[in-house]
Amino acid sequence: MAKLINLTINGTPVTVPAGTLVVDAAKKIGIDIPVFCYHPKMEPVGMCRQCLVEIGRPMVDRATGQPVLNEDGSPKLQFMPKLETACTNPVSEGMAVFTETAKAKSGQKEILELLLTSHPLDCPVCDKGGECPLQNLTMEHAADESRFIFDEKHRAEKHVPLGDLIFLDRERCIQCARCIRFQDIIAGEPVLGFYQRGRNTDIVTYGEPGFDSIFSGNTSDICPVGALTTADFRFGARPWELKQAASVCSQCPVGCNVTFNVRREAKAGGGYVIKRVMPRQNEQVNEIWMCDKGRFAGYQYTEAESRLMATPAGLDAAVGQAVAKLVESQSETVFLASGRLANEDLFTLKQLAAALHAKTYLYTQHGGGEFTTAYGLTSGADLGALGKGDTVLVAASDLYNEAPLWHLRLKAAAQRGATLIVAAARATKLDEFASFVVRYAYGDEVATIQALPAKDKIGEAIKNANNLMIFYGSDGLGLAGTTALAQSCAELFSISPVSQLTGSPVSQSASFPVEQLTGKPEDRTTEQPEDRTTEQPENRTTRKSNTGLIGVWSTPNQQGALEMGFRPAENLAAELAGKTVYVIAADPAGDDPALAEALKAAKTVIAQDILTTKTVKLADVVLPAAAFTEREGTYTNGERRVQRFYPAVPTRPGTKADFALLAEVAKGCGIALEGRSPLLVMNRLSTAEPAFSGVSYETLSQPAEQWPLIGRSDLYYGGTSYENKLGLGVTLALQPKADRQSSTVSGLRPKENEFLAVPVTKLYDLGATVAPAKLLSAHIERSAVAALHPVTVEKLGLGAGDQLSVEINGAQFTFRAALDASISTGVVLIPRSMGLAISAPALVKLHAAEKA
Amino acid sequence: MPHILLRHRDIPDIKNIEVYKQNGGFESLKKAVTTLQPKQVVEEVKASGLRGRGGAGFPTGVKWSFLPDNLWPHYVVCNADESEPGTFKDREIMTYNPYQFLEGVAIACYAVGATEGYIYLRGEFYPIAEQLDACLAEMEKQGYLGDKLFGTETSIRLKTHLGAGAYICGEETALLESIEGKRGQPRLRPPFPAVVGLYGKPTVINNVETLTNLPYIIEHGAAGFRQNGTEKSPGVKIFSLSGNVANPGNYELPLGTTFRELIFTHGGGIPNGRKLRAIMPAGASSSIIRVDDAVFDKVMDTPMDYENVQSVGSMLGSASVILIDDTHTMDWVINKTIHFFKHESCGKCTPCRDGNYWMLHLTERIHAGQASAQDVKLLDSVAAQVYGKCLCALGDFSTMAVRTAIERFPEDFEKVKA
Amino acid sequence: MSIAEKYTDEIQAIFAKYPVKRSAVMPLLYLAQRAEGYITKGAMAEIADLLELDVTEVAAIVGFYSMYHDEAAGKYRMQVCTDLSCALRGADAFLENLCQNLGVKVGETTPDGLVTVEAVMCLAGCDKAPMFQLQQGDQVSYHENMTVDKTMELVEALRKSSKQVDE
Ligand SMILES: Cc1cc2nc3c(=O)[nH]c(=O)nc-3n(C[C@H](O)[C@H](O)[C@H](O)COP(=O)(O)O)c2cc1C
Ligand code: SF4
Ligand code: FES
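Values in this document were obtained by computation on a predicted structure and should not be read as measured data.

## Comments concerning the overall build of chain B
Piece 1. Of regular secondary structure, chain B possesses 17 helices and nine strands.
Piece 2. For 418 residues, the compact-globule estimate of 2.2 N^0.38 gives 22 Å, and the C-alpha radius of gyration of chain B, at 22 Å, lies within 12% of that figure.
Piece 3. Seen along its three principal axes, the alpha-carbon backbone of chain B occupies a region of about 75 × 45 × 35 Å.
Piece 4. When burial is assessed residue by residue, chain B has 65% of its 418 residues classed as buried.
Piece 5. A separation of at least 24 residues holds for 70% of the contacts in chain B among residues at least 6 apart in sequence.
Piece 6. Just so you have it, chain B exposes about 13800 Å², and 52% of that area is on carbon and sulfur atoms.
Piece 7. Taken together, the 43 basic and 49 acidic charged side chains of chain B have centroids lying 4 Å from each other.

The structure is reproduced here in structure tokens:
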């Protein structure tokens, strides 16, 4: 714990850790010192000069080293001749800060006036109007009349597209450089810069195509004026008309906390419409950030034209048909569900299936989840606490594309001193920040991971890690490959000393790696309010909280499904023939022609979904479900944190939440399940499922003070990211250790004229939850490439960007060819969900596509 | 008296390394490296009382002693950005007396334990950089730079780096950013370059003229150096004299020489029978000294050193003395200076960036006779508003001439709109 | 031809100067300007690649420093100092006359594309006003104590020598 420092601000005493900046100390006691360039997530630069205050420091007698005292015995203060910036000065013992003196106030007003000489003050038509720190300050402090001649005001371009997602109003920009610094320091993509200098300074990007970063939306949040606006929201609504609905992003396993801003609109018949997605602060999960996929595709699919709907009567009829099928098929039923479902849905499904003695499978190509329930993260985990002495391994995952916020946070962890090992068959964006990059050939994943301990430095880093965190993905792998990979990753824990510290086996906790609670405060981790492991007597032993195995899933709640025991089928197609197949929130037919065939061979198909998918189209019975934006529920993220989402807009007519639909179907089958509210489902779930014990809607929504204070409700100090008033979520308890499986996966070896095609994940793909995002269409289009080694491309007589034909099992598919010099010449990378069904490595033939 | 810094005026071929050597060249470097401990060099320079010639006049030896002993490597960076309007002394030194200058840089490197030194020249000094590169190559060839200097364990290498047209790069932290390949914008201080400087390492930054004094100090000792100048401002200084003067140019004179001697004895007085009206002793950043009949003698008899110039309401700065005769008015002068500062403001901080933009509009209108009395007041108030609030000193610099012009030459601001 | 191909040795020497690659950006930009007379977007991208920077980071440097040009102009840029000291010695009038003689306005280029006349800030030649610098690519030369006649002679000489080179 840092040393505590006592100071006064405007006479009010405050105690804060050493190193705290004056501006943050003031914020802590509710004193707002205006800032523009300072952002609590970035090192201060002191460039806008808005935060001028008077700072007195106790005088010390040079000769004696004793404090100099006033006549009344109080310490004599020394002031600088000039005002000082509160954002750059750390607190010191006995400091006295004055933010309200005439001198300080006039300094702040003067800076404000200078800023306004080049700002259009077009608040009435500005998207930021209503949540703008400059507007607030101007209302509060600016003179009624400008001393500046209007005609001489700085004029500049408006509506400059920096890319297709972010627009710049050069006139409004106050040159605080927050956006530039965010891109450089936090996102690690320095694609914004200043051009020119002095008053001519402009924000520019020279990147192609445009503002090319997957974190670009955040710059709009932290822009303290309306200079940067997002393409989806600009001219969309006024902030003060908007209501907030807390939610969790459903695009990836990170589970960024978000807020949906909604308002009532005539075009929705006076109903609520979502206007934008904003990040919501959760320091352990997404801090105050989110990625552009979450922002620009986060809810759009729930409004897609292909949304399934029915009349209430139609829905009842569909439920009736489903019931009839199930009553008939009973245990000859197979349920197939994906991690797109909420915990409450999955639990209801599990109960229904159990009552019918039917089989359930998790629909995923990413196996090995059983290891994450046993070796996953525990309470108190926080990627933000990783640092020196900790080791993070990322295996077969391109986090930048698969889980952008994890990429961001691991980059930061590496920069704080954590040892980051990136093991991948190709170059990924995280390589730049890694301490070690391990490159292997596709197919050698398991062998590579198994060989890590024997490597000098890497082995050391794993063996001596204070905390060992392992992310494993599915880059180039299918179900079998990922399962084997998960096991080899889990085995690494046994060579790490964290495992040597095994305590007595604990009922619900994994038996390793554990550590006796030493009582030694583990910095930030002990401050976690929901550190349940320390509260529960049976968990007197606990592991280091930042140690564990994390699956980089493709859905928001695969972890929740795994925790409840859902597992993928080894040979799914074979399981479906002749059965009544009840598919929920999954589109096997769309993903894979072979599965489409298998469904056709099923006796009956019941499809429950929100969108019209290929599976829905061939189903006998269709149950339209409500989207996550229209209901309550919880997701369990990859870090095993259960988080609540709330309804943002009303449920569409003729749809119901998945758990409610399932409960109704169950009721028809004579099985009584809870279908009234997710809260009641969670009450049962937490009793029935050991991992969820102690989880309740109340514990999930317990708010806690977070640092830094973002201050959404007053001066938008840290930007317009929302304050978290609805809880930080709860991390699950660990499950018993998974059984070891054999981990032999036979690698495919291409023959003459053949190539090894492996599936890779792109951030922007044509998956059902991304494709409807119109704003991202150009980005999706750019992602639709098959990557080859440059030598291969040349051999095929192609150039980058040319059409490449991929022949797989007799079927043809074309992609634009892209270059990737980091892979071997016999490999082609095929993006998932881009039209070509490839769920595991496969052998293909390649040739130049015939020109149309 | 023979020149100390502008020795080429006495020995025209001194830019030839052989001529330089014949005239005692590199003896000081050799003496320092072979007979003195680095600490002793620092102490000698401290004792000499040498003050930085780049403008601020900070004691050089004291600055060197701030470098921490436990953080390495150390760097020496020479500030050869020379961009203050009215300053042109470093250019003459580097062009005509390059070896003495480079010897000085090498001595500084030895004193602070730097094996590497950078000379940051303004981009316009391209030909000088070429020449210095040739000189450096020659010195390496002859064993005055490189490894095992004079048979000791000492290594010193010097390199030139060209700026590209930015006055702000004369500000020491902006200069460091520029060498690091970034926009030349000042850094937040603290930490000071002595602790976190070039590439994050402890760094000494000194002006060309400052460093060119070093061979003399090592040769003649602190006492020898103090033969010239005053107690608090010892040594000689190059005064760059420009503007309305008969013989503009550089004059190497002891600190404490009077304005009268500089302007009339050396500069040949004001040409065309005009009267001297104003002096800007520190270039465009000066507070303007008014030279009325009433104060003429007082000003003329003021010794030009760091303390005394303050007594007439200005600063010595880099001693770039600009003379303004009675054909010019101050509204024109400050329009020029603000034009400069507006152009050179780096834009990092609000008061300088927006203040200069605003002040330029005002001075232009005032100079064009289209302003009201209110505008003059406003200009003064904007200057006051900028002063003391900026990230670096450029912002303050921009306000000096403005405020003193309005205060001291009120009649020049009366030709305003009715 | 790329800068890397054209100036291979010089680039090596530049890299050797600094412990950090990024420091080479200014010298490399000068090379780019030597190659084309101004700095093209392509050159910025190439330099970004060489230094492992984003092209925007390179552009930000180009934009900051006034001696880098991102647009083509005359073969020579005649940059007349009109700052205070020079102005006190008649630089403004010199510039005006010069422009009249060349038939261009400040900022414009002579019709033959030879000379672009610009007004610039102090060049540290205050005692020898009127003066200007001639910038060509990365090279600079000073011309001091100038008159309009002397300048016109210089322009003539430049015109001749560039014709010879062109032919
Ligand atoms: C805007 C600005 C411009 C400056 N320009 C120069 C310059 O051109 N040359 C110089 O030596 N110092 C210049 N300085 C002063 C330097 O920051 C620094 O104080 C000096 O180089 C230190 O060297 P010295 O101690 O030898 O004087 C400038 C300062 C500021 C604030
Ligand atoms: S005072 Fe001017 S030059 Fe200095 S940091 Fe501020 S804007 Fe830049
Ligand atoms: S200088 Fe403190 S907030 Fe900008």
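## Side note on the packing of helix 11 (residues 259-266) of chain B against helix 12 (residues 293-300) of chain B
Residue and element names in this part refer to chain B.
Piece 1. One way to put it is that helix 11 packs onto helix 12 with a least axis distance of 7 Å and a crossing angle of 95°. As the angle between them shows, helix 11 and helix 12 are arranged roughly perpendicular. Mapping the contact onto sequence places Phe259, Arg260, Ile263 and Phe264 in helix 11 and Phe296, Asp297, Val299 and Met300 in helix 12.

## A look at the side chain of Arg187(B)
Residues and elements named next belong to chain B.
Piece 1. Residue placement: Arg187 occurs in the loop between helix 8 (172-179) and strand 4 (203-207).
Piece 2. In this structure the side chain of Arg187 is engaged in a polar contact, spanning 3.0 Å, whose partner is the backbone oxygen of Gly197.
Piece 3. If near-sequence neighbours (up to four positions away) are discounted, Arg187 is found in contact with Thr173, Leu176, Glu177, Glu180, Val196, Gly197 and Lys348.

## Comments concerning the site of ligand 2
Piece 1. Ligand 2 sits among 13 residues. The nearest are Cys346(B), Cys349(B), Cys352(B), Cys392(B) and Gly395(B).
Piece 2. By residue class, the composition of the shell around ligand 2 is nine nonpolar, three polar and one charged.

## Side note on the packing of aromatic side chains
Residue and element names in this part refer to chain A.
Piece 1. Summed over the entire model, instances satisfying the criterion amount to 35 aromatic pairs over all chains.
Piece 2. By way of ring pairs, the aromatic residues Phe260, Tyr299, Tyr301, Phe628, Tyr635 and Phe645 are connected into one cluster.
Piece 3. Here the guanidinium or amino end of Arg276 rests over the ring plane of Phe233, the centre of that ring lying 4.4 Å away.
Piece 4. One Lys or Arg, Lys411, reaches over the ring of Phe433 and ends 5.4 Å from the middle of that ring.

## Here's the deal with the pairing of strand 30 (residues 755-760) of chain A
Residue and element names in this part refer to chain A.
Piece 1. When you tally the buried positions in strand 30, you get six out of six residues, the bulk of the element.
Piece 2. Where strand 30 meets strand 35 (residues 842-848), three bridges bridge the pair, whose relative direction is antiparallel. From the neighbouring strand, Leu756 faces strand 35, where its bridge partner is Leu843.
Piece 3. As judged from the five bridges shared by strand 30 and strand 34 (residues 827-831), these two strands associate in the parallel manner. Residue Ala757 lies in a different strand from strand 34, and its bridge partner there is Val828.

Each value, and the rule that gives it
- Residues numbered from 1 in each chain as written.
- Chains lettered and ligands numbered in written order.
- Predicted model: local features only at pLDDT ≥ 70, side-chain atom pairs only at ≥ 80, totals over all residues.
- Heavy atoms only, no water.
- Helix = DSSP H or I, 4+ residues; strand = E, 2+ residues; numbered from the N terminus.
- Rg over C-alpha atoms; globule rule 2.2 N^0.38 Å.
- Buried < 20%, exposed > 50% of the residue type's maximum accessible area, 1.4 Å probe, protein only.
- Contact = heavy atoms within 4.5 Å.
- Areas by Shrake-Rupley, 256 points an atom, 1.4 Å probe, with all protein chains shown as cover.
- Lys, Arg positive; Asp, Glu negative; His and termini not counted.
- Charge placed at Lys NZ, Arg CZ, Asp CG, Glu CD.
- Axes fitted to C-alpha atoms, helices over the stretch in contact; angles between N-to-C directions.
- Parallel < 35°, antiparallel > 145°, perpendicular 65-115°, else oblique.
- Polar contact = N/O pair within 3.5 Å; in protein donor to acceptor, adjacent residues only side chain to side chain.
- Near = heavy atom within 4 Å.
- Nonpolar A, V, L, I, M, F, W, Y, C, P; charged D, E, K, R; others polar.
- Phe/Tyr/Trp six-rings, centres within 6.5 Å; stacked < 30°, edge-to-face > 60°.
- Lys NZ or Arg CZ within 6 Å of the ring centre and 35° of its normal.
- Pairing = 2+ DSSP bridges.

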